[in-house]
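Topology and contacts: notes
The chain contents come next:
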Amino acid sequence: MTTHTNDTNSTRTTPAARTVLVTSATGKTGRRVAERLQARGATVRAGSRTGTVRFDWEDTGTWAPALEGADAAYVNYYPDLAAPGAVAAMEHFGRLAVAAGVRRMTLLSGRGEPEAVHAEEALRASGAELAVVRASFFAQNFNEGAMADGVAAGTLAFPAGDTAEPFIDADDLADVIVETLTRDGHAGLVHEVTGPRLLTFAEVAAEISRASGRPVAYVPMSEAEYAGLLVRFGLPEPEAQWLSGLFATLLDGHNATVTDGVKRVLGREPRDFTAFAAGAWNA
């Protein structure tokens, strides 16, 4: 689905005093969204497994207390909206959220994930004002989280073949999410957001090499090889196989297009991967 929204100059800004539950608040997008909401004057309930506001997607008993007092929520489901159990989780979370007085939600979804669409629909059925943001592969996956150590050691191993992807900067994504939470006019819309151009993983490795001054080589892997790598890093085998299969599906070429979602929501172009790499490895 392409992105459709009103011109941001014509939408009305919602009062800054909004109280927002940010789920997965210590993750790549959650902490960025929380920081931006606070900068706009919102009261943020930063939900995480170990924080002051305890929120754990695997512990439904933490959901209602975290939602108490919130009138909006950023919903970032772990491990992924395409994962088994996500639809039931969204149905349950949506009911609790509306009962707690939450009237606006923004859901982070995966671009080109058919299974994730069912979870989107389950949360939409809650009756809250829901905006869905479907994002491409994060640029920050290469310097934050599980892939960062390998890249730092000079190897980018992934089951992507020579498929190109329009990597999005997580800062741009966070800006889009905050806009949908703090401005009217996004309820019922699906925004597909990507970076401004397509790059293969080999081209990503070359960009990182130039920015860091250290050689980084892309090592293509099969789905099975990558699952084995994840198991060696400590992931349970069923989860490793599921995650590897998800990556292989997402990077089969069907997502190799660029959208104008960031510009439609924010009125500006998204940051290019070259600029991201320069800031991440040459700061």
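Residues numbered from 1 in each chain as written. Predicted model: local features only at pLDDT ≥ 70, side-chain atom pairs only at ≥ 80, totals over all residues. Heavy atoms only, no water.

Things to note about helix α6 (residues 170–182)
Between its first and last C-alpha atoms α6 spans 18 Å; for 13 residues at 1.5 Å apiece the expected length is 18 Å, and the two agree. Of all 13 residues making up α6, 11 are buried, and the element is well covered by its neighbours. Turning to α6, its buried residues number three or more, namely Ala170, Asp172, Leu173, Ala174, Val176, Ile177, Val178, Glu179, Thr180, Leu181 and Thr182. Between a side-chain oxygen at the N-terminus of α6 and the backbone nitrogen of Asp171 the separation is 2.7 Å; the capping residue is Asp169. (Helix = DSSP H or I, 4+ residues; strand = E, 2+ residues; numbered from the N terminus. Expected span 1.5 Å × (residues − 1). Buried < 20%, exposed > 50% of the residue type's maximum accessible area, 1.4 Å probe, protein only. Polar contact = N/O pair within 3.5 Å; in protein donor to acceptor, adjacent residues only side chain to side chain.)

Some words on the sheet that holds strand β6 (residues 129–135)
Strand order in this open sheet of seven strands is β3-β2-β1-β4-β5-β6-β9, and the pairing throughout is parallel. Every other strand in the sheet has two partners, leaving β3 (53–54) and β9 (190–193) as the edge strands with one partner each. Relative to strand β5 (residues 104–110), strand β4 (residues 72–75) runs parallel, the two being bridged by four bridges. Bridging from a neighbouring strand, Tyr74 pairs with Thr106 of β5. In the packing of helix α3 (residues 86–99) onto the sheet, contacts are made with β1 (19–22), β4 and β5, and the angle to β5 comes to roughly 165 degrees. Taken strand by strand, helix α4 (residues 114–124) contacts β4, β5, β6 and β9, and its axis lies near 165 degrees from that of β6. (Pairing = 2+ DSSP bridges. Contact = heavy atoms within 4.5 Å. Axes fitted to C-alpha atoms, helices over the stretch in contact; angles between N-to-C directions.)

Re the packing of α3 against α4
Closest axis-to-axis distance for the α3/α4 pair is 8 Å, and the angle between their directions is 15 degrees. Classified by the angle their axes make, α3 and α4 are roughly parallel. Regarding α3 and α4, the two cross each other, and that crossing is right-handed. For the pair formed by α3 and α4, the contact residues are Ala86, Val87, Met90, Glu91, Phe93 and Gly94 on the first element and His118, Ala119, Ala122 and Leu123 on the second. A per-class count over the contact of α3 with α4 returns seven nonpolar, two polar and one charged. (Parallel < 35°, antiparallel > 145°, perpendicular 65-115°, else oblique. Left-handed = near helix turned anticlockwise from the far one by under 90°. Nonpolar A, V, L, I, M, F, W, Y, C, P; charged D, E, K, R; others polar.)

Details of the environment of Asp169
Along the polypeptide, Asp169 turns up in the loop between β8 (164–165) and α6. The class of Asp169 is buried, set by a relative accessible area of 1%. In this structure, the C-alpha to C-alpha distance between Asp169 and Arg271, residues 102 residues apart in sequence, is 6.5 Å. Those residues in contact with Asp169, other than ones at most four positions away along the chain, are Ala139, Gln140, Arg271 and Phe276. In this structure the side chain of Asp169 is engaged in a polar contact, spanning 2.7 Å, whose partner is the backbone nitrogen of Asp171.

A few points about the environment of Leu198
In this structure, Leu198 sits in the loop between β9 and β10 (199–200). In this structure Leu198 comes out as partly exposed when scored by relative accessible area, which is 33%. Sequence separation of Leu198 and Thr257 is 59 residues, and the distance between their C-alpha atoms is 7.1 Å. What Leu198 contacts, discounting residues up to four positions off in sequence, is Ala164, Glu165, Pro166, Glu203, Ala256, Thr257 and Val258.

Considerations on the pattern of salt bridges
Tallied over the full model, the rule gives 23 salt bridges. Residue Asp175 pairs with Arg36 through a salt bridge whose shortest N-O separation is 2.6 Å. With Asp175 in helix α6 and Arg36 in helix α1 (residues 28–39), the pair connects residues that are 139 residues apart, well separated along the chain. For Asp175, a relative accessible area of 23% translates into the label partly exposed. One salt bridge in this structure joins Arg183 and Glu179, with 2.3 Å as the shortest N-O distance. Taking the relative accessible area as the measure of exposure, Glu179 reaches 7% and is therefore buried. (Salt bridge = Lys/Arg side-chain N within 4 Å of Asp/Glu carboxyl O.)

Some points on the pairing of β6
Extensive coverage of β6 is indicated by the burial of six of its seven residues. The pairing of β5 with β6 spans seven bridges and is parallel. By the bridge assignment for β6, Ser109 is matched with Arg134. Following the chain from β5 across α4 to the adjacent parallel β6, one finds a crossover that is right-handed. (Right-handed = clockwise from strand over helix to strand, strands pointing away.)

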